[in-house]
Amino acid sequence: MTFARSNRSTRSLAGAGLAVGALLACATGLLLWAGDLPGALLAAMLAAVALGAFARMARRLRRWPASRLAFLRDRLVLVQGRTELQALWDRIELVSLADLSEWGTSRWPEISLTDRLTLRLRRDRCFSFRPAAFGVDPVACRDAILRLRDNRLLRGRLPEFDSVLDLSSRPVQTGEQIRPNI
């Protein structure tokens, strides 16, 4: 199951902006044909505002992250472009938002939190990622990973990992559908 931030509201607002803008542009044309110049001017200004809202929402949709974060029964899978990272739940030792760089650890008594989530696996393997690139809040992502790592029954409700091809062909499940489960 692949999770991503829902863009349903952005798509709805873009569609509404386009529909209202087109309707007001038609109304502007009709008012100009009827000879009502003040009404046509008002309709043209409202049409410009509606089309501006459409342009803003369309820009947001173009910049939407293409990254995928999958919580599966036996592993966590991150797909970002052509890069794929996998972490088996049993091998995850550390999940932290703390700054674990050399600069961050040199200031040892002070702990500074970052927006990067670091996962350290057994056998000294480590990787980090920005949950915001996947459309997830960093603290909520850390908490979900820790709960899934520690609770085998909760992981049992997730789908099994078949292959990378299945992961890319499965439909994206948005955040609204996963809130009750996790």
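Here we summarise the structure given alongside this text. The residue count restarts for each chain, going from 1 along the sequence in the order it is written. Per-residue local features are limited, in this predicted model, to residues with pLDDT of at least 70; the limit for side-chain atom pairs, both in listing and counting, is 80 or more; totals at the level of whole chains, interfaces and linings are taken over all residues. Side-chain metrics in this entry use all non-hydrogen atoms of the structure; hydrogen atoms and water are not considered.

Details of the sheet that holds strand β7 (residues 125–129)
- Pairing between strands is defined by DSSP: at least two bridges between them are needed. Each helix is a run of H or I in the DSSP string that is no shorter than four residues. Each strand is a run of E no shorter than two, and both are numbered from the N terminus. Sheet architecture is open: three strands sit in the order β5-β6-β7, paired in antiparallel fashion. Each edge of the open sheet carries a strand with a single partner, namely β5 (92–98) and β7. Adjacent strand axes in the sheet meet at a mean angle of 20 degrees when their direction is disregarded.
- Sheet topology note: the strand β6 (residues 113–121)/β7 ladder contains five bridges and is antiparallel. Its bridge partner lying in β7, Leu117 is registered against Phe129.
- Here, residues are in contact when the closest pair of their heavy atoms is within 4.5 Å. Axis geometry follows a simple rule: fit a line to the C-alpha atoms, using only the stretch in contact for helices, then measure angles between N-to-C directions, giving values from 0 to 180 degrees. Here helix α4 (residues 138–150) sits on the sheet in contact with β5, β6 and β7, set at roughly 165 degrees to β5.

Some words on the pattern of salt bridges
- The term salt bridge refers to a side-chain nitrogen of Lys or Arg lying within 4 Å of a carboxyl oxygen of Asp or Glu. Here the structure, examined in full by the defined rule, presents six salt bridges.
- Measuring nitrogen to oxygen at the nearest pair gives 3.1 Å for the salt bridge that ties Asp74 to Arg75.
- Think of it in three bands: with a 1.4 Å probe and only protein chains considered, a residue is buried below 20% of the maximum accessible area for its type, exposed above 50%, and partly exposed in between. Residue Asp74 is classed as partly exposed on the basis of its relative accessible area, which comes to 32%.
- Judged by its relative accessible area of 17%, Arg75 falls in the buried class.
- For the salt bridge of Asp150 with Arg149, the shortest nitrogen-to-oxygen distance reads 2.9 Å.
- Overlapping salt bridges bring together Asp90, Arg152 and Arg155 as one network.

With respect to the nonpolar core
- Definition used in this section: a nonpolar core is a set of buried Ala, Val, Leu, Ile, Met, Phe, Trp, Tyr and Cys residues joined via side-chain atoms within 4.5 Å. If you look at the biggest cluster of nonpolar residues, it comprises 20 residues, and the most contacted ones within it are Phe71, Ile92, Leu117, Leu119, Phe129 and Ile145.
- Secondary structure elements with two or more residues in this core: β2 (68–71), β3 (75–80), β5, β6, β7 and α4.
- Other than its neighbours up to four places away in sequence, Ile145 contacts Phe71, Leu76, Trp89, Ile92, Val95, Leu117 and Phe129.

What to know about the packing of aromatic side chains
- Side-chain rings of Phe, Tyr and Trp, where Trp is taken by its six-membered ring, are said to pair if the distance between their centres is within 6.5 Å; with planes under 30 degrees apart they count as stacked, over 60 as edge-to-face, and otherwise as tilted. If you walk through the whole model with that rule in mind, you get one aromatic pair.
- Geometrically, the ring pair formed by Phe71 and Trp89 is stacked, given 6.3 Å between the ring centres and 20 degrees between the ring planes. Placement of the pair is Phe71 in strand β2 and Trp89 in the loop between β4 (83–88) and β5, with a sequence separation of 18 residues.
- Classification of Trp89 by relative accessible area gives buried; the value is 2%.

Some words on a nonpolar patch on the surface
- Taken together, the side chains of Leu41, Leu42, Met45 and Leu46 present a nonpolar region at the surface, about 400 Å² in accessible area.
- Tracing the chain through its elements places Leu41 in helix α2 (residues 37–62).
- Overall, the relative accessible area of 54% leaves Leu41 in the exposed class. Here a patch means residues that are over 30% exposed by relative accessible area and free of salt bridges, tied together within 9 Å if like-charged and within 5 Å if nonpolar (Val, Leu, Ile, Met, Phe, Trp, Tyr). In these tables, accessible area is a Shrake-Rupley quantity obtained with a 1.4 Å probe, and a residue counts as shielded only by the protein chains included in the view.

Some details on helix α1 (residues 8–34)
- Spanning 27 residues, α1 covers 39 Å between terminal C-alpha atoms, matching the ideal 39 Å at 1.5 Å per step.
- In this structure, the buried residues of α1 make contact with α2. Each residue after the first adds 1.5 Å to the expected span of a helix.

Description of the pairing of β5
- Summarising burial for β5: five of the seven residues are buried, a large majority.
- Sheet analysis places β5 next to β6, joined by five bridges and oriented antiparallel. Directly across from Val95, in β6, lies its bridge partner Leu119.

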